[in-house]
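What follows is the residue order along each chain.
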Amino acid sequence: MEGTNPVNKKLAAALSGGAVLVLALSGCSSDDSGDKLNSWAKQVCDAVQPQAKKIAAANTAIQKQTSDNSTPAEVQKTDSQAFQDMSDAYKAIGSAVNKAGAPDVEDGEKKKTDAVKELNTISASYGDLKKQVDDLDTKDQGKFADGLKGIATQLDKLSQSGNDALAKLEEGDVGKAMAKQESCKSASASASPTKS
């Protein structure tokens, strides 16, 4: 059997979907909203920026490991570390939103609570994927490839649920306030999946 290349590429594609989560933290419209909301947005965006870079770096590491000559052991090591980094990053984003408190909008408390809950769930899911990668049999290339396929499928679902959570947080004035923050703009740029 040839290298795990097709599966790795599927995994990399699913992972770059995960980068969209952080992209959701950058809107494009810009209206005047209250000072309180702007200061909330700045606090969240400033905290998100380094985490967005971490997620982007994890994506890049996995994409680099998609060549034919990567051994299952190399893929396992890279993916395991990447999932750990992503888990840590989403947990940190959840903590940042929690620390910032409710945004100064209608249903702000619910928006905050829902987003934090979802971000923590995503963090736990990446932690679970790390365990699954660690448990794969790297000596049997066929089994390893099948295991990666299953992980890629879970990643697709994971990126979608995270998109939904952040989209809800950013409806209306919250998104407008975040769109004006330089740190959110650069977070968005660093998390964009690169087309290979």
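Here's what I pulled together on the structure shown here. Computed from a predicted structure; not experimentally measured.

Conventions we followed
Residues numbered from 1 in each chain as written. Predicted model: local features only at pLDDT ≥ 70, side-chain atom pairs only at ≥ 80, totals over all residues. Heavy atoms only, no water. Core = buried A, V, L, I, M, F, W, Y, C linked by side-chain atoms within 4.5 Å. Buried < 20%, exposed > 50% of the residue type's maximum accessible area, 1.4 Å probe, protein only. Helix = DSSP H or I, 4+ residues; strand = E, 2+ residues; numbered from the N terminus. Axes fitted to C-alpha atoms, helices over the stretch in contact; angles between N-to-C directions. Parallel < 35°, antiparallel > 145°, perpendicular 65-115°, else oblique. Nonpolar A, V, L, I, M, F, W, Y, C, P; charged D, E, K, R; others polar. Salt bridge = Lys/Arg side-chain N within 4 Å of Asp/Glu carboxyl O. Left-handed = near helix turned anticlockwise from the far one by under 90°.

1. Observations regarding the nonpolar core
Counting residues in each nonpolar core, the largest one holds 37 residues, and the members touching the most others are Trp40, Phe83, Tyr126 and Met178. Broken down by secondary-structure element, the contributors of at least two residues to this core are helix H2 (35-64), helix H3 (72-100), helix H4 (108-135), helix H5 (141-169) and helix H6 (173-179). The leading source of residues in this core is H2, at ten residues.

2. A closer look at the packing of H2 against H3
Following both chains from N to C, one finds H2 and H3 inclined at 175 degrees, their axes separated by 9 Å at the closest point. On the basis of their axis angle, the class for H2 and H3 is roughly antiparallel. Looking at side-chain class alone, the contact of H2 with H3 contains 18 nonpolar, four polar and five charged residues.

3. Some words on the pattern of salt bridges
In this structure the tally under the stated criterion is six salt bridges. In this structure, the salt-bridge partner of Lys42 is Asp46, at a minimum N-O distance of 2.6 Å. Here Lys42 and its partner Asp46 are both found in helix H2, four residues apart, which amounts to about one turn of the helix. Take Lys42: its relative accessible area is 44%, and that puts it in the partly exposed class.

4. Brief notes about the packing of H3 against H4
Following both chains from N to C, one finds H3 and H4 inclined at 165 degrees, their axes separated by 8 Å at the closest point. As far as their axial angle goes, H4 and H3 are roughly antiparallel. Helix-helix and strand crossings are classified by hand; for H3 and H4 the assignment is left-handed.

5. Section: the environment of Leu119
Assignment of secondary structure puts Leu119 in helix H4. The buried category is assigned to Leu119, whose relative accessible area is 2%. Between the alpha carbons of Leu119 and Ala92 there is a distance of 8.8 Å; along the sequence they are 27 residues apart.

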